[in-house]
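Fold and geometry: a report
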Amino acid sequence: MTEALTAPEGTASSPFAGTDVFSLAGWSRLPGFPRPMFDEDVWDLRGIQGRPKHLAAGQLVWDFTKIINPRWRLVAKEMLMAYCAPAHPAVAQLPRAYRTPRALATTARHIPLLAPWLNWLTGQGVASLTEVTQQHCQRYLHFHSKVRDKQGRPLRETSSSQKRAIVTTIMDLAFYGDLFTNDRYQQDFRPWNFAPPSTVAGNAKQAENKTQPVADHILNPLLAACLYIVDVLGPHMVRLLRQVESRPGKIGGNLPRLADLVRALDEHRYLREPLVEIIGRQVDERLARGWDRKDPLLPVNFQALTNRAGCSEFRAPMLTPALRRLTEDTLAEVGLAKPWGRSQPTVPRADTQELVPWTLPLHTRDVQDLEGIARQAALTVIATLSGMRNSELAELLVGCRRTTEIGPGLIRHSIASKIIKGQKLGGRDDEWVVLEEVHRAVALAERLLVAPDPGQSLFGRVSFHSGHTRALLPFVNGPRGQRLGLAPIPDGQVNLRMLRRTLAIELAYRPNGMLAAKIALKHLSVATTEGYTARPGGAQAKLLAEVNEQEQERNLALAAEEFRNYQQGIMPSGPGARDLIAFFHHVDHELTRQAAASPHVRSSDRDLRNLLAKRAGALHLGTANYCWFTDPSKALCLKLAETPDASRPLTGMCDSARCPQATHHPCHRPVWAENVIRTKAFLGSLSRSQKGERVRLQAELDRAQRVLDEIDHAAGPSTR
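Model, not experiment: these values are computed from the prediction.

Rules used throughout
Residues numbered from 1 in each chain as written. Predicted model: local features only at pLDDT ≥ 70, side-chain atom pairs only at ≥ 80, totals over all residues. Heavy atoms only, no water. Helix = DSSP H or I, 4+ residues; strand = E, 2+ residues; numbered from the N terminus. Polar contact = N/O pair within 3.5 Å; in protein donor to acceptor, adjacent residues only side chain to side chain. Contact = heavy atoms within 4.5 Å. Expected span 1.5 Å × (residues − 1). Buried < 20%, exposed > 50% of the residue type's maximum accessible area, 1.4 Å probe, protein only. Arc of directions from axis to C-beta. Axes fitted to C-alpha atoms, helices over the stretch in contact; angles between N-to-C directions. Parallel < 35°, antiparallel > 145°, perpendicular 65-115°, else oblique. Left-handed = near helix turned anticlockwise from the far one by under 90°. Nonpolar A, V, L, I, M, F, W, Y, C, P; charged D, E, K, R; others polar. Pairing = 2+ DSSP bridges.

1. Thoughts on the side chain of threonine 158
- Relative to the helices and strands, threonine 158 resides in the loop between strand S4 (154–157) and helix H7 (160–175).
- In terms of polar contacts, threonine 158 uses its side chain to reach the backbone carbonyl oxygen of histidine 144, at 2.7 Å.
- Aside from chain neighbours lying at most four places away, what touches threonine 158 is His144, Ser145, Lys146, Val147 and Lys163.

Okay, structure coming up:
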């Protein structure tokens, strides 16, 4: 029988007892914040210096009193302290302990995971961790495999990541068991036999990144709307917001007299200024108090009239027959309107470019909502075109924009932030080289702040989902967005991870990506590459690593597609066609040989991809050709540029009709056909005196027509 290892209360002291938490974890404390002691049951860690801005202050108040069993509060404190101080002598000797400090956000999430597990055990009548069995673990995981309402009724399946976190928490109590002084599992108890938490949670192993890109039909109108808001509407929104913020505060003084209100009505008539309209909720309140729905004064804001008269408050008995008659006359003469934005500059509609006022009159609350709309649009542009993570966006501060002149007329834009993921507490300063569109979005976010001070956070804690669904979508898809010609954004999931993956895929699959509809994708690729060159270990280098993975996947798919075309008799054309056909012939022969050697084993797509992998790694996409950059010494572009040692082709100098490594395929036919049509049109428009230009264009036409004929001849009649 295994002897219980639980020490009686009071006979053992925790290795962390009597020490303050900041000293144990090696954290610095901001002045004016408490210094919690390990023995306290509530740790207020909000004073940690270098706290990531994306982490809410409430997540740093660790309340162990939520654990019902007092003995297990010490267990929880010891485990979380071990997460934060892995170099402590009592922790370092544990064979399964984490060897590096866990991220602050990760550790903070363990309280909401640990307390429910321990309290569930208490509810099951378990008084000591030595009584815990695999059956308890399995039942708990089964119960939490469903998200439940307050009555315990299942609503939906729990996410695999949440189930994995639950399993990890239960297992960690076993990994750190030798550290606990008050209670622990039996020494030979191994929850789920220490299988990987992802396996226990039922996560299928993914061969590729499971984060999906934003769907094209969502991305295109989303990015178009956000760029329109940032570049066209943003300055007007800021100007109107400043007007509302500078309005007079609450007016003191006496209640208005009839003469005061008459004077205010006279001003409205003299200035031809409409009376102010109340909001819908106030209309409902008046109806509930007995107002007639057909009363012409039902929507009139008498409080605004009172304020105009320089008085403080309007009361219902003040609406005398005389005032009613004067107000009705004024209303008939000047009309009624919302108070803000009555006369605004015009802007071109997003669809037809017709000039329309950028906004119709708005209530005060509607104007204040514009801030959230503009902020979300700026955030979406920055995230979509830079690939910054949530934690990196949260670290953007006022004054983060950088502009450097790198040559005559050449400007490099960048923004400064911090890398938080995978870094020590406080993060690491980094700089993102970005497009001008991103720079303008950051500038708008700065202007939206009432009093932007250097070092002030631009976005604070980023709640992308909330801003997207509650601010941006209602504006774009509602009457205001439709009046401005914005295409509706369809329903569908959009988050920062998806936007980052979308950017990686768009860069990898250029020049045919959806971003090309609104953004010079070539410039985006250059900006990202500049960021990699400037800081080889920076955040953009990690993004480019994801791009490179996507490029290899793209190249393999294209090479496999062309090989299957070859098998169907659709051949490539161009100077490099003979070499590519010979390679495909070799691959086809090798697949046949493998099938003959193992007749009972079906060949798979993986076999083909393995044979194509090396050649696919040399594939570079041109606008109207494929470049198989297998031998730099043969590359025409490098010869023309006199850079024979370059590791990549210079696609801007490509002459695919002459380069021995270039091939043309049916997918390139539309580009060459359009070139032929356009060149013929130019030739037809030349005058007789432009003989030199006619000779040049005729040579260009002959070249394009020759390439087009070669594509058609190699592809066969079925593809023409």
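2. Some remarks on helix H10 (residues 258–271)
- A rise of 1.5 Å per residue sets the reference length of H10, with its 14 residues, at 20 Å; its end C-alpha atoms lie 20 Å apart and thus fit the reference within 8%.
- By the burial criterion, the buried members of H10 are Asp260, Leu261, Ala264, Leu265 and His268. Looking down the long axis of H10, one finds its buried residues gathered within 135° of arc, a one-sided arrangement.
- Looking at the buried side of H10, the elements it contacts are strand S5 (275–276), helix H12 (302–308) and helix H13 (321–334).
- With its phi angle positive at about 55°, arginine 272 sits one or two positions after the end of H10.

3. Some words on the packing of helix H5 (residues 111–123) against helix H6 (residues 134–143)
- Where H5 contacts H6, the two axes come as close as 11 Å, and the packing angle between them is 120°. When the interaxial angle is binned, H5 and H6 end up oblique. Like other packed secondary-structure pairs, H5 and H6 cross with a definite hand, here right-handed. Along the contact surface, H5 presents Leu113, Pro116, Trp117, Trp120 and Leu121, while H6 presents His136, Cys137, Arg139 and Tyr140.
- Split by residue class, the contact of H5 with H6 holds 7 nonpolar, 1 polar and 1 charged.

4. Focus on the environment of proline 52
- Along the chain, proline 52 turns up in the loop between strand S1 (42–44) and strand S2 (61–63).
- Taking relative accessible area as the criterion, proline 52 reaches 9% and is therefore assigned buried.
- Linking proline 52 and isoleucine 420, residues 368 residues apart in sequence, is a C-alpha distance of 7.2 Å.

5. Thoughts on the pairing of strand S10 (residues 410–419)
- Here 6 bridges tie strand S9 (residues 401–407) to S10, and the two strands are oriented antiparallel to one another. Looking across to S10, one finds that glycine 407 is bridged to leucine 410.
- What sits between the antiparallel neighbours S9 and S10 is a turn of 2 residues, in which glycine 409 has the positive phi angle 75°.
- Here 7 bridges tie S10 to strand S11 (residues 428–434), and the two strands are oriented antiparallel to one another. Looking across to S11, one finds that isoleucine 415 is bridged to tryptophan 432.

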